[in-house]
Amino acid sequence: MNARSFLYYVDGRLVSYVGVVHKTIKHGGQLFYIAGLSCVATDPEYHGQGFGLRTVAAATRWIEEHGNTGIGIFTCKPSLAYFYERAGAWQVAPEVKLIASCDEGALSSDSLQVVVLIRLFSTKARNYDPMLRHTTIDLDLPVGEFL
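This report concerns the structure included in the present document. The shown structure was predicted, so the numbers you read here are calculated from the model rather than taken from an experiment.

Reading guide: rules and limits
- Residues numbered from 1 in each chain as written.
- Predicted model: local features only at pLDDT ≥ 70, side-chain atom pairs only at ≥ 80, totals over all residues.
- Heavy atoms only, no water.
- Helix = DSSP H or I, 4+ residues; strand = E, 2+ residues; numbered from the N terminus.
- Contact = heavy atoms within 4.5 Å.
- Pairing = 2+ DSSP bridges.
- Axes fitted to C-alpha atoms, helices over the stretch in contact; angles between N-to-C directions.
- Phe/Tyr/Trp six-rings, centres within 6.5 Å; stacked < 30°, edge-to-face > 60°.
- Buried < 20%, exposed > 50% of the residue type's maximum accessible area, 1.4 Å probe, protein only.
- Core = buried A, V, L, I, M, F, W, Y, C linked by side-chain atoms within 4.5 Å.
- Parallel < 35°, antiparallel > 145°, perpendicular 65-115°, else oblique.
- Left-handed = near helix turned anticlockwise from the far one by under 90°.
- Nonpolar A, V, L, I, M, F, W, Y, C, P; charged D, E, K, R; others polar.
- Salt bridge = Lys/Arg side-chain N within 4 Å of Asp/Glu carboxyl O.

What follows concerns the environment of alanine 81. By the element assignment, alanine 81 lies in helix H2 (residues 81-88). C-alpha separation for the pair alanine 81 and glycine 36, spaced 45 residues apart in sequence, amounts to 14 Å. When near neighbours in sequence (up to four residues on either side) are disregarded, alanine 81 contacts Cys76, Val92, Val115 and Leu117.

Written out as structure tokens, the structure is:
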């Protein structure tokens, strides 16, 4: 999986980080280039000051403006969904389940008790909106890995 990092510094100190991971998946017989936020963190001393919001917004803009991303998709704790909606218009997809792979013991959004957040960036993805909003999506990742 490829990754890009977004960092926010204050007075030379790293205070916020967001990774963007991306890869191609096959779903419903179609190939989609997906990207998702990963390893989002803000130094606790800087919480509530908007640094995380700005870093997530920058990462989301990059996903939207660069490359050929069709689907933006990742998971988070349910309590953080509102933060991502504010920072990047990410929407909870309650009828979408992510699975790392079809392998026994593979991680899933259900087993991790997280919600799936999604944005459809490309025309192709928007054309498949009904299929992408009510489905299980296999990320085809090695056992132990997840978004």
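Still more ground to cover, so stick around.
Pairing is mixed in the open sheet, where six strands are placed in the order S1-S2-S3-S4-S7-S5. A single partner strand is all that each edge strand has here, and the edge strands are strand S1 (2-10) and strand S5 (91-92). Here two bridges tie S5 to strand S7 (residues 115-120), and the two strands are oriented antiparallel to one another. Bridge pairing links valine 92 to leucine 117 in S7. In the packing of helix H1 (residues 51-65) onto the sheet, the strands contacted are S1, strand S2 (13-27), strand S3 (30-42) and S7, and the crossing angle to S2 comes to about 30°. Contacting S3, strand S4 (71-76), S5 and S7, H2 runs over the sheet at an angle of about 15° to S7.

All chains considered together, the criterion is met by eight aromatic pairs. For the pair tyrosine 8 and phenylalanine 51, a centre-to-centre distance of 5.0 Å together with 45° between the ring planes defines the contact as tilted. Of this pair, tyrosine 8 sits in strand S1 while phenylalanine 51 sits in helix H1, placing them 43 residues apart in sequence. A relative accessible area of 27% means that tyrosine 8 is categorised as partly exposed. Residues phenylalanine 32 and tyrosine 128 carry aromatic rings whose centres are separated by 5.8 Å and whose planes lie at 85° to one another, so their mutual orientation is edge-to-face. Residue phenylalanine 32 is found in strand S3, and its partner tyrosine 128 is found in the loop between helix H4 (123-127) and helix H5 (129-133); the two are separated by 96 residues along the sequence. Assessed through its relative accessible area of 1%, phenylalanine 32 is described here as buried.

In this structure, serine 38 sits in strand S3. Once residues within four sequence positions are removed from consideration, serine 38 is found in contact with Tyr17, Val18, Gly19 and Val21.

On to the nonpolar core, then. Core analysis: the largest hydrophobic core is formed by 21 residues, its most contacted members being Ile34, Ile71, Ile73, Val96, Leu98, Ile137 and Leu139. Among the secondary structure elements, those contributing two or more residues to this core are S2, S3, S4, strand S6 (96-99) and S7. Considering every element that reaches this core, the biggest residue donor is S7, with three residues. With residues up to four places along the chain from it excluded, the contact list for isoleucine 34 reads Val21, His22, Lys23, Ile25, Thr69, Ile71, Ile73, Leu139 and Leu147.

Turning our eyes to something else, we now look at the packing of H1 against H2. As a packed pair, H1 and H2 sit with axes 8 Å apart at the nearest point and diverge in direction by 60°. One way to sum up the angle between H1 and H2 is to call them oblique. For the element pair H1 and H2, the recorded crossing hand is right-handed. Here Gly52, Leu53, Val56, Ala57 and Thr60 of H1 come into contact with H2, specifically with Phe83, Tyr84, Arg86, Ala87 and Gly88. Per-class residue counts for the contact of H1 with H2 are six nonpolar, three polar and one charged.

With that settled, the discussion passes to the pattern of salt bridges. Tallied over the entire structure, the rule returns five salt bridges. Arginine 13 is the salt-bridge partner of glutamate 45, the closest N and O atoms lying 3.4 Å from each other. You can see glutamate 45 sitting in the loop between S3 and H1 and its partner arginine 13 sitting in strand S2, a full 32 residues away along the chain. Through salt bridges with shared partners, one network takes in Arg13, Asp43 and Glu45.

These results come straight from atomic positions and should not be treated as a statement about function.
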